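# Remarks on the overall topology
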Amino acid sequence: EGAISVVSTKVGGVPEVLPEDLIILCEPTVKFLCEGLESAIKRQQLGTLPSAEAIHNRVKSLYSWRNVAERTEKVYDRVTKEMVLPIDKRLKRLMTHCGPVAGCIFALIAVLDVLFLFFLRWLVPDDIIDIAVDATGVKGVWKQQESFSTIKKHGKTPRNNCKVQT
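Since the model is a prediction, treat every value here as computed from it, not as a measurement. (Residues numbered from 1 in each chain as written. Predicted model: local features only at pLDDT ≥ 70, side-chain atom pairs only at ≥ 80, totals over all residues. Heavy atoms only, no water.)

### Looking at the overall build of the chain
Put simply, the rule is: Numbering of helices and strands starts at the N terminus; helices are DSSP runs of H or I of at least 4 residues and strands are runs of E of at least 2. Between buried and exposed lies partly exposed: a residue is buried under 20% and exposed over 50% of the maximum accessible area for its type, with that area taken using a 1.4 Å probe on protein chains only. Should any heavy atoms of two residues lie within 4.5 Å, those residues are considered in contact. For the area figures, the Shrake-Rupley method with a 1.4 Å probe applies, and any residue is considered shielded solely by the protein chains shown.
Broken down by element type, the chain carries seven helices and four strands. Residues classed as buried in the chain amount to 17% of the 166 residues present. Residue pairs at least 24 apart in sequence account for 40% of intrachain contacts in the chain once pairs closer than 6 positions are excluded. Of the roughly 13,100 Å² of accessible surface on the chain, a fraction of 63% belongs to carbon and sulfur atoms.

In structure tokens form, the structure reads like this:
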């Protein structure tokens, strides 16, 4: 018949890859993945899934370089706004979300990683590491005044929007 359904988890930017009507997104647990698969099977049996050709034609129109850049920017914007948890809360989350055995193993590995980081910082202190040049250039010479999504709304091209500060 050629009907297709995608079932995936809401992890690692996957929600931004396909439109909501072309993917069934689940929490990353066995229970929710099974429910998502059952939903896809039910849609297949009812004949409500679009054909593979229809999906291909729709997805083909979604992926231009501009579109991929906008989707990537959304992911980066969302990540930069997330709060960085302190190590104790990260360990607690690992142990509660990953199960009693795997969570303890992952927490132990995380503690070893932190200790290794402390060792590396002792071996090569931060103050002797060269600072990377800012992405806007030396002293902020190239500074883009608007984000890519704002540029698109106003019909400008990124090339015309870069300003040189003097």
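### A short note on the UniProt feature "transmembrane region" (unreviewed entry) in the chain
Basically, it comes down to this: UniProt positions are given in the numbering used here, feature names are shortened, and annotations may be inferred rather than shown by experiment.
The positions that UniProt labels "transmembrane region" (unreviewed entry) are, in the present scheme, residues 98–120. Note that residues 98–120 is 91% helix and 0% strand, and that its end C-alpha atoms are spaced 28 Å apart.

### Structural notes on helix α3 (residues 65–80)
Each full turn of the α-helix corresponds to 3.6 residues, which orients residues three or four apart in the same direction. Going by this rule: How far a helix is expected to stretch is found by multiplying one less than its residue total by 1.5 Å. Arc, as used here, means the arc of the directions from the helix axis to the C-beta atoms.
If you check α3, its first and last C-alpha atoms are 22 Å apart, about what 16 residues at 1.5 Å a residue would give, namely 22 Å. All of the buried residues in α3 are Asn 67, Glu 70, Arg 71 and Glu 73. The buried residues of α3 occupy an angular sector of 155 degrees when projected down its axis, which confines them to one face. Seen from the buried face of α3, the exposed residues on the opposite side, beyond 90 degrees, are Trp 65, Tyr 76 and Thr 80.

### A closer look at the pattern of salt bridges
Note the cut-off: We count a salt bridge whenever a side-chain nitrogen from Lys or Arg sits within 4 Å of a carboxyl oxygen from Asp or Glu.
All chains considered together, the criterion is met by one salt bridge. Note that Arg 121 and Asp 126 form a salt bridge whose closest N and O atoms lie 2.8 Å from each other. On the accessibility criterion, Arg 121 (41% relative accessible area) is partly exposed.

### Some thoughts on the confidence of the model for the chain
For clarity, the cut-off: Each residue carries a pLDDT score, the predictor's own confidence in it, on a scale running from 0 to 100.
Mean pLDDT over the chain stands at 78; residues scoring 70 or higher make up 75%. Element-level pLDDT for the chain is lowest in strand β4 (residues 162–164), with a mean of 42, against a maximum mean of 93 in helix α5 (residues 100–123). Here residues 145–149 is modelled with pLDDT under 50, and outside its nearest four sequence neighbours on either side it reaches 14 contacts, counting other chains as well. Across residues 156–166 the pLDDT falls below 50, and counting only partners more than four positions away or on other chains, this stretch makes 21 contacts in the model.

### Some words on a nonpolar patch on the surface
Applicable threshold: Patch building starts from residues that exceed 30% relative accessible area and form no salt bridge, then joins like charges within 9 Å and nonpolar side chains (Val, Leu, Ile, Met, Phe, Trp, Tyr) within 5 Å.
On the surface, Phe 116, Phe 119, Leu 120, Trp 122, Leu 123, Val 124, Ile 128 and Ile 129 cluster together into a nonpolar patch covering about 820 Å² of accessible area. Its place among the elements puts Trp 122 in helix α5. For Trp 122, a relative accessible area of 62% corresponds to the exposed category.

### Some thoughts on the environment of Val 7
Mapped onto the secondary structure, Val 7 falls in strand β1 (residues 6–9). Judged by its relative accessible area of 23%, Val 7 is partly exposed. In this structure the C-alpha to C-alpha distance between Val 7 and Cys 34, which are 27 residues apart in sequence, comes to 9.6 Å. For Val 7, the contacting residues outside a window of four places in its chain are Ile 24, Cys 26, Leu 33, Gly 36, Leu 37 and Ala 40.

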